[in-house]
Amino acid sequence: MLGMEGINNMPRPGAFKTICPIHTCRTLRRLSFGYWDGEFDDFFELFMAGELEYNDYFDHLLDWYPHRNDPNVFYTRFEDMKKDMKSVVLKFSKFLGQEYIDAIEKDNNVLNNILQYSGFDYMKKKLSEVHDIVKRAQVPAIVFEGHKHCMEFAASLNPPEKLPEMQFVRKGIVGDWQNHFTPDQSERLNKKMLEKLKGTEVLQWYPVE
């Protein structure tokens, strides 16, 4: 059981781990490309069919969309973070509470450290280091059922023994999708966006191109 179902049915007394609800959305073209690790044409078809490891992204986006103005949900966009990370950090600090705004105003190093350690270059470097450590130590990762199914399916395809090294963090830029989408793929994604996102502000954030 997952989510509220799991919490409601857990033994009492008990405990569960949670995080601050933050939702970051981004342009569908960049997002579909950002998932990719392999043959893009094959991946694009899976993305359009909603058959990815974490299911249909449109369903995920539309599940969170009604909560974008909830007082306990911080909703932001990747493009805003790339454009002005400082403003997003300040908004998030205000969302967390006055004590966080006070900490930033009291010591400018706090803000500078946040910007440094949440920056793309630093995160890419650290994630690469973590992946290397795990790979060398051969530490077994926790495998969820959905992920396990994907791994078993991938293994059943008898892939080559040597595969390209996976890039968990790629370029961290806006607009790179244009270098990879064919005109037909772009048109098909536009059509699906209009169908799935009709009546939402998402089409104002990311107009069909």
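The protein goes by Sulfotransferase family cytosolic 1B member 1 in an unreviewed UniProt entry, where it is assigned to Trichonephila inaurata madagascariensis. You can read under Sequence similarities (unreviewed entry) in the UniProt record for the protein the words "Belongs to the sulfotransferase 1 family."

### Describing the overall build of the protein
Along its length, the protein carries 12 helices and 2 strands. Helices and strands in the protein line up, N terminus first, as α-β-α-α-α-β-α-α-α-α-α-α-α-α. Within the protein, buried positions represent 26% of all 209 residues. Of the contacts made within the protein by residues no fewer than 6 positions apart, 69% connect residues no fewer than 24 positions apart. When the accessible surface of the protein is split by element, carbon and sulfur atoms take 55% of a total near 15,300 Å².

### Regarding the side chain of Lys192
Structurally, Lys192 is set in helix α11 (residues 183–196). Taking the relative accessible area as the measure of exposure, Lys192 reaches 13% and is therefore buried. Sequence-distant contacts of Lys192, defined by excluding residues within four places in its chain, comprise Phe47, Met48, Ala49, Asp56 and Phe58.

### Considering the nonpolar core
Judged by nonpolar contacts, the single largest core of 18 residues is most densely connected at Phe47, Leu61 and Leu189. Looking at this core, the elements that each hand over two or more residues are α3 (40–49), α4 (57–64) and α11. Element by element, the count of residues in this core is highest for α3, at 5 residues.

### Concerning the pattern of salt bridges
Applying the stated criterion across every chain, the model contains 5 salt bridges. Between Asp56 and Lys192 there is a salt bridge whose closest N-O contact spans 3.9 Å. Placement of the pair is Asp56 in the loop between α3 and α4 and Lys192 in helix α11, with a sequence separation of 136 residues. Per residue, the accessibility class of Asp56 equals that of Lys192, and both read buried. The partner of Arg77 in a salt bridge is Asp80, with the nearest N and O atoms 3.0 Å apart. By relative accessible area, Asp80 is classed as partly exposed at 28%.

### What about the packing of aromatic side chains?
Under the definition given, this model contains 9 aromatic pairs. Relative to Trp205, the ring of Tyr65 lies with its centre 6.2 Å away and its plane at 55 degrees, an arrangement referred to as tilted. One end of the pair, Tyr65, is in the loop between α4 and β2 (74–77); the other, Trp205, is in helix α12 (residues 202–205), with 140 residues separating them in the sequence. Judged by relative accessible area, Trp205 falls into the partly exposed class, the value being 22%. Taken together, the aromatic side chains of Phe43, Phe47 and Phe58 make up a single cluster linked through ring pairs. Against the face of Tyr65 rests Arg68, its NZ or CZ located 3.8 Å from the ring centre.

### Comments concerning the environment of Tyr65
Accessibility expressed as a relative area gives 10% for Tyr65, which makes it buried. Apart from the residues within four sequence positions on either side, Tyr65 is in contact with Tyr75, Thr200, Glu201, Val202 and Trp205.

### A look at α11
Compared with an ideal rise of 1.5 Å per residue, which puts 14 residues at 20 Å, α11 spans 20 Å between its outermost C-alpha atoms and is within 8% of the ideal. Taken as a whole, α11 has its buried residues at Gln185, Ser186, Leu189, Asn190, Lys192 and Met193. Down the axis of α11, the buried set is contained in an arc of 170 degrees. They therefore lie on one face. In α11, the exposed residues that point more than 90 degrees away from the buried face are Pro183, Glu187, Lys191 and Glu195.

Criteria and cut-off values
- Residues numbered from 1 in each chain as written.
- Predicted model: local features only at pLDDT ≥ 70, side-chain atom pairs only at ≥ 80, totals over all residues.
- Heavy atoms only, no water.
- UniProt positions renumbered as here; feature names shortened; annotations may be inferred.
- Helix = DSSP H or I, 4+ residues; strand = E, 2+ residues; numbered from the N terminus.
- Buried < 20%, exposed > 50% of the residue type's maximum accessible area, 1.4 Å probe, protein only.
- Contact = heavy atoms within 4.5 Å.
- Areas by Shrake-Rupley, 256 points an atom, 1.4 Å probe, with all protein chains shown as cover.
- Core = buried A, V, L, I, M, F, W, Y, C linked by side-chain atoms within 4.5 Å.
- Salt bridge = Lys/Arg side-chain N within 4 Å of Asp/Glu carboxyl O.
- Phe/Tyr/Trp six-rings, centres within 6.5 Å; stacked < 30°, edge-to-face > 60°.
- Lys NZ or Arg CZ within 6 Å of the ring centre and 35° of its normal.
- Expected span 1.5 Å × (residues − 1).
- Arc of directions from axis to C-beta.

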